[in-house]
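Spelled out, the chains give:
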Amino acid sequence: MTATGRGLGRGGRRGNRTPLGRPASPVRRSPAALRHRYSPAALLLRRSAAGNGRRSSPAALRRRRSPAALWRDLLRPWRTRRLLEVHLLVLVLLAAVASSALFLSCRQVQHNADALAAREAPAVQGLAATRLAALRADQEVHALVAGGLIGVAGSGETYRSQLSAADQGLSRIADRTDQDLGTVKGLLATYTDSLTLGASLYRDQPLMREQKLQEAHSLLTREGVGLVPRLDALQRVQLRHAEATAAMGGVQRGVWWLAECALAALALTLLSTLFVLRDRCGRDWNAYLLAAFALTVLLAVVPLMTVSATEGGLTRAVGELRQITEVSRRSGPEPAEAQKRVTERSEDVREDTDDGAWADRVYRATFAGSLLAVALPALGLGLRLDKDYWRRL
């Protein structure tokens, strides 16, 4: 083949190729269309569209919009050492705040439960028992007079035991309430003397006996100044004290919210720390931080459940104390039956307040766990920083 032929052959082969080296389309295009198709702007536009198509695939979009990718982009301006040091500082501060709030809240709930069980509930029960005992003593004496049993051997034991129970009830209440019981004690002593004189000393003098019994009844029921009205007033005040003791105030609820929010923030910060260690340092696991995360979850759940159970028991106890007060104030002509109901309700109150005894162990464990929640993140992340960065200084 001649040189010209070889040249034409090469020229022919070059003529069947596009400027990008691809085989030419069998469809012939005009030179203007070819120049437009293979211009630099058209090539750049097609390459950009192809790249956008690859990046806009569903898998790529999910990876780009995942929480890990977003958090990685947010933390990208920070150097690794500075980022870990900031995480360490935030972890210690949040753990300290959460631990302090948990300790104060648990201590306050325990104090309320102890105060209700040791002071407020016995005071309400004692006032109700004193009121019913005084009313029953009066009823028993009038029953003896009506039955003509005054002076019969052993006939006055019931009213004497009731007067003794009323006196002992006030004596037990004295160190459990801050109310002034001096007037009530004086009235009870005068009422006891009048009732005893009417039933024992003047048993052979009907007029004097009737006078003393009327005097005793007046001291017992006189409106506003009698023994029973004064005991009613003391019962109302004492019941309000019990309700205030059992209730969780606004400040206490705010401290609980602070503790729970601090624990939630602590858990998220621990997850962020584990993510940074894995993403930037290649550390898959950190036993201290994992233990701190598990402990944080427990501290956020167990004390809250315990407090809810304790508050439920206190609420039930206050409701039963309210029923005890109502039963004693509406005893009617049968104070003996009312005394039985008060005794039954008092047992229920004792059971509800004793349910909080197991919570004391939970609160002690919460205190120990709070200390560990401060120590574990500081130890785990501090050791990693010391090994990778601080020791090299």
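Residues numbered from 1 in each chain as written. Predicted model: local features only at pLDDT ≥ 70, side-chain atom pairs only at ≥ 80, totals over all residues. Heavy atoms only, no water.

Here we come to the overall build of the chain. Counting secondary structure elements, the chain contains 14 helices and zero strands. Listing every helix and strand of the chain by position from the N terminus yields α-α-α-α-α-α-α-α-α-α-α-α-α-α. Across the 393 residues in the chain, those meeting the buried criterion constitute 38%. Look at the contacts in the chain between residues 6 or more apart in sequence, and 78% of them connect residues 24 or more apart. (Helix = DSSP H or I, 4+ residues; strand = E, 2+ residues; numbered from the N terminus. Buried < 20%, exposed > 50% of the residue type's maximum accessible area, 1.4 Å probe, protein only. Contact = heavy atoms within 4.5 Å.)

Among soluble globular proteins, nonpolar side chains are generally buried collectively. Membership of the largest hydrophobic core comes to 34 residues, with the highest contact counts inside it found for Trp256 and Leu381. For this core, the leading source of residues is helix α6 (residues 80–147), giving 11 residues. Leu381 has contacts with Leu84, His87, Leu88, Leu91, Thr273, Leu277 and Leu289, leaving out every residue within four places of it along the chain. Counting residues in hydrophobic clusters, the runner-up holds 28 residues, among them Leu127, Ala133, Ala166 and Leu220. (Core = buried A, V, L, I, M, F, W, Y, C linked by side-chain atoms within 4.5 Å.)

This part covers the packing of aromatic side chains. Here the structure, examined in full by the defined rule, presents one aromatic pair. Between Phe103 and Phe367 the ring centres are 5.2 Å apart and the planes differ by 50°, which places this aromatic pair in the tilted class. Separated by 264 residues along the polypeptide, Phe103 in helix α6 and Phe367 in helix α14 (residues 357–388) bring together distant segments of the chain. With relative accessibility at 40%, the residue Phe367 sits in the partly exposed group. (Phe/Tyr/Trp six-rings, centres within 6.5 Å; stacked < 30°, edge-to-face > 60°.)

As a further point, take the packing of helix α12 (residues 287–329) against helix α13 (residues 335–354). Packing of α12 against α13 leaves a shortest axis separation of 9 Å and a crossing angle of 165°. The angle between α12 and α13 places the two elements in the roughly antiparallel class. Seen from above, α12 lies across α13 with left-handed handedness. Contacts between α12 and α13 involve Gly313, Arg316, Ala317, Glu320, Leu321, Gln323, Ile324 and Val327 from the first element and Ala338, Arg341, Val342, Arg345, Ser346, Asp348, Val349, Asp352 and Thr353 from the second. Broken down by class, the residue content of the contact of α12 with α13 amounts to seven nonpolar, four polar and six charged. (Axes fitted to C-alpha atoms, helices over the stretch in contact; angles between N-to-C directions. Parallel < 35°, antiparallel > 145°, perpendicular 65-115°, else oblique. Left-handed = near helix turned anticlockwise from the far one by under 90°. Nonpolar A, V, L, I, M, F, W, Y, C, P; charged D, E, K, R; others polar.)

Mean pLDDT over the chain stands at 79; residues scoring 70 or higher make up 76%. Highest mean pLDDT in the chain belongs to helix α10 (residues 227–246) (91); lowest belongs to helix α1 (residues 3–15) (42). Every residue in residues 1–15 is under pLDDT 50, and counting partners more than four places away or in other chains gives one contact. Contacts for the low-pLDDT stretch residues 52–56, under 50 throughout, to residues beyond four places or in other chains number five contacts. (pLDDT = per-residue confidence, 0-100.)

This part takes up helix α7 (residues 157–174). Compared with an ideal rise of 1.5 Å per residue, which puts 18 residues at 26 Å, α7 spans 26 Å between its outermost C-alpha atoms and is within 8% of the ideal. Along α7, the positions that sit buried rather than exposed are Tyr159, Gln162, Leu163, Ala166, Gly169, Leu170 and Ile173. Buried residues in α7, looked at end-on, bunch into an arc of 120°, giving them a common side. (Expected span 1.5 Å × (residues − 1). Arc of directions from axis to C-beta.)

Let us now look at the pattern of salt bridges. Under the definition given, this model contains 10 salt bridges. Across the pair Glu326 and Arg330 runs a salt bridge, and its minimum N-O distance is 3.4 Å. The salt bridge involving Arg350 is made with Glu347; its shortest N-O contact spans 2.8 Å. Of this pair, Arg350 and Glu347 both sit in helix α13, three residues apart, which is roughly one turn of the helix. A single network of salt bridges, built from pairs that share partners, joins Arg81, Arg82 and Glu85. (Salt bridge = Lys/Arg side-chain N within 4 Å of Asp/Glu carboxyl O.)

Take a nonpolar patch on the surface next. Taken together, Val297, Leu298, Val301, Val302 and Met305 make up a surface patch of nonpolar side chains, about 430 Å² in accessible area. Looking at the secondary structure, you find Val302 in helix α12. Residue Val302 is classed as partly exposed on the basis of its relative accessible area of 37%. (Patch = residues over 30% accessible without salt bridge, like charges linked within 9 Å, V, L, I, M, F, W, Y side chains within 5 Å. Areas by Shrake-Rupley, 256 points an atom, 1.4 Å probe, with all protein chains shown as cover.)

The next thing to look at is the environment of Leu231. Residue placement: Leu231 occurs in helix α10. As for Leu231 and Leu127, which are separated by 104 residues in sequence, their C-alpha atoms are 6.7 Å apart. Not counting chain neighbours up to four residues away, the residues in contact with Leu231 comprise Leu127, Thr130, Arg131, Leu170 and Val184.

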